[in-house]
Amino acid sequence: MESRKRPLEAVLTADDSFKTPEKRVSEPRLQESDYMRWGVEQTCRYLRAEGLGDLEDTFRAQKITGVGLWYLRDADLEEMGLQCRGDRLRVQHSLRKLWPIEALPNKVFNDPIHGHVEVHPLLIRIIDTPQFQRLRNIKQLGGVYFVFPGASHNRFEHSIGVSYLAGRLVQALNQRQPELLISRRDVLCVQIAGLCHDLGHGPFSHMFDGMFMPKARPGITWKHEKASLDMFDYLVADNGLEPVMEQHGLVLPEDLDFIKEQIGGPPVTDAAPGQKWPYKGRPEDKSFLYEIVANKRNGIDVDKWDYFARDAHHLGIQNNFDYRRFLQFARVCEVDGQKNICTRDKEVSNLYDMFHMRNCLHRRAYQHKVGNIIETMITEAFLKADEHIQIQGSGGKMFTLSTAIDDMEAYTKLTDNVFEQILNSSSAALKDSREILRNIVCRRLYKCLGQTQADEPMRVTRERIQSWEASLARSVPQSGAQDVVCLQPEDFIVNVIDMDYGMKEKNPINSVRFYCKDDPNKAIQIRKNQVSKLLPEQFAEQLIRVYCKKTDGRSLEAAKKHFVQWCMNENFSKPQDGDIIAPELTPLKDGWSNRDEDDEGREVKRALVNGQTKAKTKLFNS
């Protein structure tokens, strides 16, 4: 072994042994994901960094910028004077590192909705965290699973699906319009936003922020989007992901701002005088990127596309909207100084179908009368258990169900599993909550008395709900045999459901812009009367449902009559089964008669034919 060692003198001279090593100054590395913004000199700097400095004069002479790199092909390089095929291959190898679309992911998920989904390595790092894995234990449709046995899917797979579709849409735009200068950073940020947009959902999804939190902490306004932003910050910090993000080409904190703005909207800050663009993450010429994950302008976004397809699949309902067709025609056009995602004019009917599909899912599943009352009962159980459930958060501090939102370490531990925790507990303090949940499991549910509507939508407050519940208890029927049953306000539950096309009373299609085949760069608006006369006249309505906690026969029969009388007193619409449950009451209300009427409310006259009454049919207008 000794013979194999070279003498030190053979390696170092006397001068060398005392020489201070020279500091090697490396040229600053350009952000490769921003290559489309490069000028000629930045392009040359990249060539030098890639060991292609001998070719920079050729590129400089041809004035090749970052945009030009996208269009360079082998024949172009040869025409520029690179006759040696080896030189051309070296250039092509270096340029392939820049392309924003073709970065190879390292994992493939087999999704039942979208098939084989390729996932970028950075997204894998986010998925493999406790904060994201928590979504495996939060049902996508909350209490609907107790009604539709197939609706067992969770926020976990939905989030991956949204990220995949976000990538599909941004890549389709990039391939169709390279002049948009969509960078690799843009693609990654949009995918991350899609992946993390639902991190803040609580137990049973929308039940937690829509029903539980307003009652548990009425003094605050809290939505799951706020928790998604807090959880995303916690996820990045707790797992040390900032260096990983930078390794994948993200620029911090700019890209973190961009991701969070896509989830929660623009930051709430005092804008400078005259400043119209509210976002910090991307400039106004990238405004279309904010319409992909959560479209605040018209509601057409990849979040809906995934839950339409995924929820319909698991519910056993036919999905009538095909997002692939939208991808085929999606294009960015300038609208009022901003760049918006538009689609072909011929697609307007399909978009009306999309919003109709949303309405169908709400009517048939999301707002199912049994699913709603089950979530109401779960909410009651959680409210009674709130202060008795203790969750350890940061610094060892303990939090309850309703205060866990203030600490993301505690909130990470809060999932649908709290239902089982209460149900299987032996604590005396949880006795009432446990009994409610057992009633759900054994299908001893509160009963729906019926559904009605007011003439005009009303602003519904907790005080109004309590007033209605008290009024229901006082609404003793005016006629008919009275079997006296004493009903109290607490025996009634009033649920008010707002149904719309996603923009309250507005038609969302009025906020969509289209382009024509003859001029694909000009955005146009298409009004409803240009499409069809069979489209909705109204785009929102308010449903009022009433439930009774007492389920014995006598109480239930009396409660139904109280409900019909209450509808009469409040001048609400007649319940659909009003003539069955209270036939002695409905004739007493003007406007509730069973006369046959035409679509304009005019009475249809009848004639006797063969001794029977038969309606006259008017085929043509005079």
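The structure presented is a predicted model; accordingly, all values stated were derived computationally and were not measured.

Q: Explanation requested: the overall build of the protein in the structure shown.
A: Broken down by element type, the protein carries 25 helices and 12 strands. Split into buried and exposed, the 622 residues of the protein put 48% on the buried side. For the protein, restricting intrachain contacts to residue pairs at least 6 apart in sequence, the fraction spanning at least 24 positions comes to 68%. Summed over its atoms, the accessible surface of the protein is roughly 32,600 Å², and 47% of this surface lies on carbon and sulfur atoms.

Q: Please explain empty space enclosed by the protein as it appears in this structure.
A: Summary: where empty space remains is shown by rolling a probe the size of a single water molecule over the atoms. On inspection of all chains with the given rule, the structure shows two cavities of 30 Å³ or more. In this structure, the largest cavity encloses a volume near 90 Å³. If you trace the largest cavity, you find 13 residues lining it, with Asn295, Asn298, Ile300, Phe326 and Ile341 closest to the centre. Top contributing element to the lining of the largest cavity by residue count: strand S4 (residues 338-344), with three residues. Looking at the lining of the largest cavity, its residues break down into seven nonpolar, three polar and three charged.

Q: Please clarify how the environment of Lys574 should be interpreted in this entry.
A: Residue position: Lys574 is located in the loop between helix H24 (553-570) and helix H25 (578-581). Among the residues examined, Lys574 registers a relative accessible area of 24% and is labelled partly exposed. For Lys574 and Val564, which are 10 residues apart along the polypeptide, the C-alpha to C-alpha distance reads 7.5 Å. Within the structure, the side chain of Lys574 is placed 3.1 Å from the side chain of Asp579, a separation counted as a polar contact. Of note is the side chain of Lys574, whose polar atom sits 3.1 Å from the backbone oxygen of Trp592.

Q: Please explain helix H12 (residues 206-216) as it appears in this structure.
A: Think of an α-helix as turning once every 3.6 residues; residues three or four places apart then point the same way. Residues Met207, Phe208, Asp209, Phe212 and Met213 constitute the buried set of H12. Viewed along the axis of H12, the buried residues span an arc of 160°, placing them on a single side of the element.

Q: Where do I start with the packing of aromatic side chains in this structure?
A: How two aromatic rings sit relative to each other is set out by the distance from centre to centre and by the angle between their planes. One pass over the structure, following the stated rule, counts 25 aromatic pairs. Measuring from ring centre to ring centre gives 6.2 Å for Phe212 and Phe382, while their planes differ by 85°; the resulting arrangement is edge-to-face. Residue Phe212 is found in helix H12, and its partner Phe382 is found in helix H19 (residues 369-385); the two are separated by 170 residues along the sequence. Accessibility assignment for this pair places Phe212 and Phe382 in one class, buried. Between Tyr307 and Tyr366 the ring centres are 6.3 Å apart and the planes differ by 65°, which places this aromatic pair in the edge-to-face class. With Tyr307 in helix H16 (residues 302-315) and Tyr366 in helix H18 (residues 348-366), this residue pair connects regions lying 59 residues apart in the sequence. Overall, the relative accessible area of 14% leaves Tyr366 in the buried class. Ring-pair connections join several aromatic residues into one group, and the members of that group are Phe146, Phe204, Phe208, Phe212, Trp222, Phe382, Tyr411 and Phe419. If you follow Arg134 out to its NZ or CZ, it ends over the ring of Tyr411, 4.5 Å from the centre. The side chain of Arg136 reaches across the aromatic face of Phe156, ending 3.9 Å from its centre.

Q: What is the right way to look at the sheet that holds strand S3 (residues 331-335) in this model?
A: The strands making up a sheet associate through backbone hydrogen bonding, with each pair oriented either parallel or antiparallel. The strand order across the open sheet built from three strands is S3-S4-S9, with neighbouring strands paired in mixed fashion. Unpaired on one side and paired on the other, S3 and strand S9 (514-515) mark the two borders of the sheet. Bridge count for S3 against S4 is five bridges, and the pairing is antiparallel. Directly across from Val332, in S4, lies its bridge partner Ile341.

What counts and how
Residues numbered from 1 in each chain as written. Predicted model: local features only at pLDDT ≥ 70, side-chain atom pairs only at ≥ 80, totals over all residues. Heavy atoms only, no water. Helix = DSSP H or I, 4+ residues; strand = E, 2+ residues; numbered from the N terminus. Buried < 20%, exposed > 50% of the residue type's maximum accessible area, 1.4 Å probe, protein only. Contact = heavy atoms within 4.5 Å. Areas by Shrake-Rupley, 256 points an atom, 1.4 Å probe, with all protein chains shown as cover. 1 Å grid on protein atoms, 1.4 Å probe; cavity = no way out; pocket = protein on both sides within 12 Å on 5 of 7 lines; lining within 4 Å. Points joined across faces, edges and corners; volume = space filled by probe spheres on them. Nonpolar A, V, L, I, M, F, W, Y, C, P; charged D, E, K, R; others polar. Polar contact = N/O pair within 3.5 Å; in protein donor to acceptor, adjacent residues only side chain to side chain. Arc of directions from axis to C-beta. Phe/Tyr/Trp six-rings, centres within 6.5 Å; stacked < 30°, edge-to-face > 60°. Lys NZ or Arg CZ within 6 Å of the ring centre and 35° of its normal. Pairing = 2+ DSSP bridges.

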